[in-house]
Structures are given as C-alpha cells and as structure tokens.
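Architecture at a glance
Spelled out, the chains give:
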Amino acid sequence: MKFAFLISFLLSLAAFRSLAEPFVLPPAATISGTAADGKGWQVSGTLSISFVQAQARLVTSIAAAGWSHLHTINLGKDRQLDAWSRGSEELTLMVWRIAPGKSGFSYGVSRGGK
C-alpha cells in the first residue's frame, strides 16, 4: 500500500514538473530572472558557452521535450528568435551573444492561443 502511494506521488510530481518547465535547460545555464505574470519573458538567463553552442544545446533540449520547430528569425549577427509548438502550446526562444564564451537566453510559453 505504501509502495503504491509512493509510486503515485512520484508520478504526480513528475507530471507537475513537466507542466512547470517546458524543457530541461542545459547544465551551463544560469537563470537570472523569471516572470510568471505574463508581462515579459517567462525565464531569462545566461550560458557560459558561445552563441553557436548555446543555440545548439537549447534547440536539442527543446526538441527532446517534444517541441516542433516552427521558424527562426535572425536578428543580426549572433542574435536569434525561434518559435516552437507542442500541442496547444507555443514557445518563443531568444538567444544572443553577450561576449566570447557567454550567451544570453530568454523564453516564454503561451497556452491555448494566448
């Protein structure tokens, strides 16, 4: 009985975590800000890797979480905006170069066409 409860609890916890986090950030990521009010980027941070490496690692993490890439908008050298979808959710990701070996990122998720 206790084992079944524990399994049920762990599955619920895993489901909640997957709802709260749309994808797993790469190990090099440091979160510098969050906004749950819908007035700006949901999460912003830095990666201690180059822009090319940051873009590749974020794309890999997002795709592994079941997101489908919709399109990319290049905003100049070493600055990019990507749109993704998964079911009724849409994810917008921006990645940019801060300095050699350091990149910034921000993302937000909208659900149900909001």
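These remarks concern the structure in this document. All residue numbers here refer to positions counted from 1 along the written sequence of the relevant chain. Only residues with pLDDT of at least 70 are given local features in this predicted model, and only at 80 or more are side-chain atom pairs given and counted; all residues enter the totals for whole chains, interfaces and linings. The side-chain numbers reported here are obtained from all heavy atoms of the structure, hydrogens and water having been left aside.

**Describing the pairing of strand E5 (residues 89-99)**
Two strands qualify as a pair provided DSSP detects at least 2 bridges between them. Per the convention used, a helix needs a DSSP run of H or I reaching at least four residues, while a strand needs a run of E reaching at least two, with both numbered from the N terminus. Relative to E5, strand E4 (residues 79-86) runs antiparallel, the two being bridged by eight bridges. Within E5, the position partnered with Trp 84 by the bridge is Leu 91. What sits between the antiparallel neighbours E4 and E5 is a turn of two residues, in which Gly 87 has the positive phi angle 65°. Relative to strand E6 (residues 102-111), E5 runs antiparallel, the two sharing 10 bridges. Paired with Leu 93 across the bridge in E6 is Tyr 107. The loop that links E5 with its antiparallel partner E6 comprises two residues; one of these, Gly 101, has a positive phi angle of about 80°.

**Things to note about the environment of Ser 48**
Within the secondary structure, Ser 48 is located in the loop between strand E2 (43-47) and helix H2 (51-64). When checking whether two residues touch, look at their non-hydrogen atoms; a contact exists if any pair is within 4.5 Å. Excluding residues that lie within four positions of it along the chain, Ser 48 makes contacts with Ala 28 and Gly 101.

**Topic: H2**
In a regular helix each residue adds 1.5 Å, so 14 residues correspond to 20 Å; H2 covers 20 Å between its end C-alpha atoms and thus fits that length. Burial classes: relative accessible area under 20% of the type maximum marks a residue as buried, over 50% as exposed, and values in between as partly exposed (1.4 Å probe, protein chains only). By the burial criterion, the buried members of H2 are Phe 51, Ala 54, Gln 55, Leu 58, Ser 61 and Ile 62. Looking straight down H2, one finds that the buried residues subtend no more than 135° of arc, so they occupy a single side. Among the exposed residues of H2, those oriented more than 90 degrees off its buried face are Val 52, Thr 60 and Ala 64. Structurally, H2 contributes buried residues whose contacts are with E2, E4, E5 and E6. Gly 66 occupies a position one or two residues after H2 and carries a positive phi of about 95°. Residue count minus one, scaled by 1.5 Å, sets the expected span of a helix. To be clear, the arc concerns the directions from the helix axis to the C-beta atoms.

**Comments concerning unusual backbone geometry**
Positive phi, normally seen in glycine, also occurs at Asp 78, with a value near 60°. Relative to the helices and strands, Asp 78 resides in the loop between strand E3 (68-74) and E4.

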